[in-house]
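Descriptive structure summary
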Amino acid sequence: MSQFNAPHFQSHEAAREYLEGLRWGAERVCPHCGTVNESFLTKKPGVYRCRVKECRKDFSVTTKSVMESSHIKLHVWLQAFFLMASSKKGISSHQLHRALGITYKSAWFLTHRIREAMRAGGLLPPMGGGGKAVEVDETFYVRLEGTPKKGRYAWANKNVVLTLVERGGGARSFHIDGARAGEILPIIRANLSREAKLMTDEMYSYKYIAEKASTTTRSTTPRTNTSAMKAKT
Ligand SMILES: [Zn+2]
């Protein structure tokens, strides 16, 4: 891919130097205490140590960033940033997994960390604190290119947007590959407070999720505005 010809897309070391230039330029700042130009390179490449007596902590260009404590090489991070920032429609974990030749697990991790970083407001507190209700809903849209029209499930071969809505609060949306419990559960765990009251529809995967998500209420009640609810009353 020609767009990845730049050295910082090719090797971990070049990517690190590129990021150091972006983050610090000529003035390296200790991310722990904020002191400028008072650090030295340790024996480990890319790891610096703060000279300030009260600090003396080690850091690298990824400290306190979305890339922190990740084993994924930095040039792969940069490729993922590039693809996700340049794609108009957004990019799924599966697309990233294929485009970058990395495991699906790594791709999933990258897309979630990067989306978190790109969202206005940065890291947000969990939803549903103090026992507030959070509704979980999914929307299917456009069939994935070149896939058959019919599948076993309603979401087969579709892009899925999972939305979490806090009653009387905000909403968060996530692009996922199919409404499987394995896709939804990590998002619920990452975004919902333990006291949150989870409100879902009757989809099988949600029953499973409500049981696994360790929220206090295991509600599988249909949403009050659905025709199913009206039919029962
Ligand atoms: Zn320091």
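Reading guide: rules and limits
- All chains use their own residue numbering, which begins from 1 and follows the written sequence.
- Where local features are concerned, this predicted model is filtered to residues with pLDDT of at least 70; where side-chain atom pairs are given and counted, the filter is 80 or more; whole-chain, interface and lining totals use all residues.
- Working definition: helices are DSSP H or I runs of at least four residues, strands are E runs of at least two. Numbering for both runs from the N terminus.
- Counting other C-beta atoms within 10 Å of a residue's C-beta gives its exposure: the residue is buried at 20 or more, exposed at 12 or fewer, and partly exposed in between, where C-beta atoms are placed from the backbone.
- Residues are treated as contacting if the C-beta atoms built from their backbones sit within 7 Å of each other.
- Only C-alpha atoms enter the line fits that serve as axes; for helices the fit covers just the stretch in contact. Angles between N-to-C directions range over 0 to 180 degrees.
- Working definition: roughly parallel below 35 degrees, roughly antiparallel above 145 degrees, roughly perpendicular at 65 to 115 degrees, and oblique for all remaining angles.
- In this scheme the handedness of a crossing depends on how the near helix is turned from the far one: anticlockwise by less than a right angle means left-handed, clockwise means right-handed.
- Expected helix span is taken as 1.5 Å per residue step, with the number of steps being one fewer than the number of residues.
- Directions pointing from the helix axis toward each C-beta atom define the arc.
- Strands pair, by our definition, only if DSSP identifies at least two bridges between them.
- For our purposes the nonpolar core covers buried Ala, Val, Leu, Ile, Met, Phe, Trp, Tyr and Cys residues that link as a set through C-beta atoms within 7 Å.

1. Focus on the overall build of the protein chain
- The number of helices and strands found in the protein chain is 7 helices and 8 strands.
- A buried classification covers 24% of the 233 residues belonging to the protein chain.
- The long-range fraction of contacts in the protein chain, counting pairs at least 24 apart against all pairs at least 6 apart in sequence, stands at 43%.

2. Remarks on the packing of helix H2 (residues 74-86) against helix H4 (residues 104-118)
- In the contact formed by H2 and H4, the axes pass within 10 Å of each other and the chain directions differ by 60°. Taken together, H2 and H4 sit at an angle that is classed as oblique. Relative to H4, H2 is oriented so that their crossing is right-handed. Residues Ala-80, Phe-81 and Met-84 of H2 pack against Leu-110, Thr-111 and Ile-114 of H4.

3. Considerations on H4
- In this model H4 runs 21 Å from its N-terminal to its C-terminal C-alpha over 15 residues, within 8% of the 21 Å that 1.5 Å per residue would give.
- Taken as a whole, H4 has its buried residues at Ala-107, Trp-108, Leu-110, Thr-111 and Ile-114. Along H4, the residues classed as buried sweep out an arc of 165° about the axis, all on the same side.
- The elements touched by buried residues of H4 are H2 and helix H3 (93-100).

4. Comments concerning the sheet that holds strand E2 (residues 48-50)
- Spatially, E1-E2-E3 is the arrangement adopted by the 3 strands of the open sheet, whose pairing is antiparallel. Across the chains shown, the open sheet's two edge strands, defined by having one partner strand only, are strand E1 (39-41) and strand E3 (58-59).
- As paired strands, E2 and E3 are joined by 2 bridges and run antiparallel to one another. Residue Arg-49 lies in a different strand from E3, and its bridge partner there is Asp-58.

5. Examining unusual backbone geometry
- We note that Asn-37 has phi near 50°; this positive angle belongs to a residue other than glycine.
- Note on placement: Asn-37 falls in the loop between helix H1 (12-23) and E1.
- Residue Asn-37 is classed as exposed on the basis of its C-beta count, with 11 C-beta atoms lying within 10 Å.
- Not every positive phi belongs to a glycine, and Ser-69 is a case in point at roughly 45°.
- Looking at the element boundaries, Ser-69 is found in the loop between E3 and H2.
- Of the residues examined, Ser-69 has 6 C-beta atoms within 10 Å and is grouped as exposed.

6. Side note on the nonpolar core
- Ranked by size, the top nonpolar core spans 16 residues in total, and within it Leu-74, Trp-77, Ala-80, Leu-96 and Leu-110 carry the most contacts.
- Those elements that provide at least two residues to this core are H1, H2 and H4.
- Considering every element that reaches this core, the biggest residue donor is H2, with 6 residues.
- The residues contacting Ala-80, other than those within four sequence positions of it, are Leu-96, Leu-100, Leu-110 and Ile-114.

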